[in-house]
Number of protein chains: 2
Amino acid sequence: MEELLKISELSEQTGLSAHTLRYYEKHGLIQASTRSEAGYRFYTDSDVRRVQFVKTARNSGFSLDDISQLLSIRVDKESHSCQDVTDITQKKLDQVNAKLAELHSMQHTLELLLESCCGGPENATHCSIIEALDAGVVDKEAFGQARHEST
Amino acid sequence: MEELLKISELSEQTGLSAHTLRYYEKHGLIQASTRSEAGYRFYTDSDVRRVQFVKTARNSGFSLDDISQLLSIRVDKESHSCQDVTDITQKKLDQVNAKLAELHSMQHTLELLLESCCGGPENATHCSIIEALDAGVVDKEAFGQARHEST
DNA sequence: GTTGACCTTAGAGCCGACTCTAAAGTTACA
DNA sequence: TGTAACTTTAGAGTCGGCTCTAAGGTCAAC
Ligand SMILES: [Zn+2]
Ligand SMILES: [Zn+2]
Ligand SMILES: [Zn+2]
Ligand SMILES: [Zn+2]
């Protein structure tokens, strides 16, 4: 028995909103196999599997553009190689690694800033964070610690 | 001698485009101390220092909104505490850490996917990446390795 | 006095991935 | 027959941080 799902049912099954599903369709990622006379979308099991593929790929970090490529491989595996697949995956990993490096550097900077500042209720006249940002020095291993009321 | 810079000169000194400087002004981050009769912006040394503060903060990962707060502390240090500063910084660090966690998870997933696939010129009929995405299984420590032409 | 490099403004466009709206048509059920 | 809960579409809005355009005004050099 071929069970056809309406968009809200597909939405329930996949956890993607009907808006998002229509958005994916508009961008060529998915499609309803059939439409009712009134134009209502109806999805087959195979459609559901495709949507789940998209969702899993999305959760794995792939962009819609990546996924579009992965999908064309998926529907015609014979015409594509494993290398085609790893190329997409590796490129994505490279992007993720680049972004990670950037964020790690920010993390490091912010941690240094936090270590340098007392974080107390004293006024910020000699705050080392403000001073560090003022000095443009944010990548040094140590900036001076501000000492409030040191004798 | 008070040396006044035109916007293109400030742009050169800071490495920020004139467009960006005007954008920052529109958003309340910076301002030209004076204008010529014709309306040209002129920046003082103090303006330059403020712009450099913004730039350094930006490079450290702060959003323009964060920076806006940091700037109001900077111009009136007496009215703010070190804690005000660390609150902003800690909040930003939390955001960065959250994003890092997300990206690390993606990195892990993508690495697993890449390990599982031979990446070779064989056709993708049994590609384990495609299969993993199809199965919705992307977070397991091992998915099956595809073996092309194994005997 | 004319070229060309600058400056001004308001406002549009871009990126990605949604998210939502409005206005209209359809369906299920009482 | 009514009404509530769907569905459809095109298109606009959102986020942040720029980036660019158009149409005009200014300025220095030759
Ligand atoms: Zn302090
Ligand atoms: Zn401090
Ligand atoms: Zn393979
Ligand atoms: Zn493969």
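Everything here concerns the structure above.
These remarks concern the structure in this document. In this text, all values refer to a predicted model and were calculated from it rather than measured experimentally.

Some points on the coordination of the zinc ion (ligand 4)
1) Next: Every protein donor of the zinc ion (ligand 4) is listed here as Cys82(A) (SG), Cys117(B) (SG) and Cys127(B) (SG), and their distances to the metal cover 2.2 to 2.4 Å.
2) Next: Separating the zinc ion (ligand 4) from the zinc ion (ligand 3) is a gap of 3.5 Å, which Cys82(A) spans by donating to each of them. On the criterion of chain membership, the pair formed by Cys82(A) in helix α5 (residues 82-116) and Cys117(B) in the loop between α5 (82-116) and α6 (128-135) is interchain, its members lying in two chains. Here the two residues Cys82(A) and Cys117(B) agree in accessibility, since each one is buried.

Observations regarding a negative patch on the surface
1) Next: Negative charge collects at one region of the surface, where Glu3(A), Glu9(A), Glu12(A) and Asp45(A) lie side by side.
2) Next: Among the secondary structure elements, Asp45(A) is positioned in helix α3 (residues 45-59).

Here we look at the layout of surface pockets
1) Next: As a volume, the largest pocket reaches approximately 180 Å³.
2) Next: In terms of lining residues, the largest pocket is bounded by eleven residues, among which Thr56(A), Asn59(A), Ser60(A), Gly136(B) and Val138(B) are the most central.
3) Next: With four residues, α3(A) is the single largest residue contributor to the lining of the largest pocket.
4) Next: In terms of residue class, the lining of the largest pocket is built from two nonpolar, seven polar and two charged.

Describing the protein's contact with DNA strand D
1) Next: Around DNA strand D, 18 residues are found, and the nearest of them are Ser8(A), Arg41(A), Tyr23(B), Tyr24(B) and Tyr40(B).
2) Next: Near-protein atoms of DNA strand D (within 4 Å) split between backbone and bases, with sugar and phosphate holding 66%.
3) Next: A distance of 2.7 Å separates a phosphate oxygen of DNA strand D from a polar atom in the side chain of Ser8(A).
4) Next: Tyr40(B) is positioned with one of its side-chain polar atoms (N or O) 2.7 Å from a base nitrogen of DNA strand D.
5) Next: Listed by contribution, the elements that provide at least two residues to the surface near DNA strand D are α1 (7-14) and α2 (18-26) of chain A together with α2 (18-26) of chain B.

Digging into the side chain of Thr14(B)
1) Next: On the secondary structure map, Thr14(B) appears in helix α1 (residues 7-14).
2) Next: Beyond its immediate sequence surroundings of up to four residues, Thr14(B) is in contact with Val51(B) and Lys55(B).

Some details on the packing of α1(B) against helix α3 (residues 45-59) of chain B
Residues and elements named next belong to chain B.
1) Next: Put simply, α1 and α3 touch, their axes get as near as 11 Å, and they point 45 degrees apart. Relative to α3, the element α1 is oriented oblique. Between α1 and α3 the crossing geometry is right-handed. For the pair formed by α1 and α3, the contact residues are Leu-10, Gln-13 and Thr-14 on the first element and Val-48, Val-51, Gln-52 and Lys-55 on the second.
2) Next: Residues that form the contact of α1 with α3 fall into these classes: three nonpolar, three polar and one charged.

How each quantity is defined
Residues numbered from 1 in each chain as written. Chains lettered and ligands numbered in written order. Predicted model: local features only at pLDDT ≥ 70, side-chain atom pairs only at ≥ 80, totals over all residues. Heavy atoms only, no water. Donors = N, O, S within 2.8 Å, 3.2 Å for Na, K, Ca; no water. Helix = DSSP H or I, 4+ residues; strand = E, 2+ residues; numbered from the N terminus. Buried < 20%, exposed > 50% of the residue type's maximum accessible area, 1.4 Å probe, protein only. Patch = residues over 30% accessible without salt bridge, like charges linked within 9 Å, V, L, I, M, F, W, Y side chains within 5 Å. Areas by Shrake-Rupley, 256 points an atom, 1.4 Å probe, with all protein chains shown as cover. Salt bridge = Lys/Arg side-chain N within 4 Å of Asp/Glu carboxyl O. Lys, Arg positive; Asp, Glu negative; His and termini not counted. Charge placed at Lys NZ, Arg CZ, Asp CG, Glu CD. 1 Å grid on protein atoms, 1.4 Å probe; cavity = no way out; pocket = protein on both sides within 12 Å on 5 of 7 lines; lining within 4 Å. Points joined across faces, edges and corners; volume = space filled by probe spheres on them. Nonpolar A, V, L, I, M, F, W, Y, C, P; charged D, E, K, R; others polar. Near = heavy atom within 4 Å. Polar contact = N/O pair within 3.5 Å; in protein donor to acceptor, adjacent residues only side chain to side chain. Contact = heavy atoms within 4.5 Å. Axes fitted to C-alpha atoms, helices over the stretch in contact; angles between N-to-C directions. Parallel < 35°, antiparallel > 145°, perpendicular 65-115°, else oblique. Left-handed = near helix turned anticlockwise from the far one by under 90°.

What is shown is where atoms sit, not what they do.
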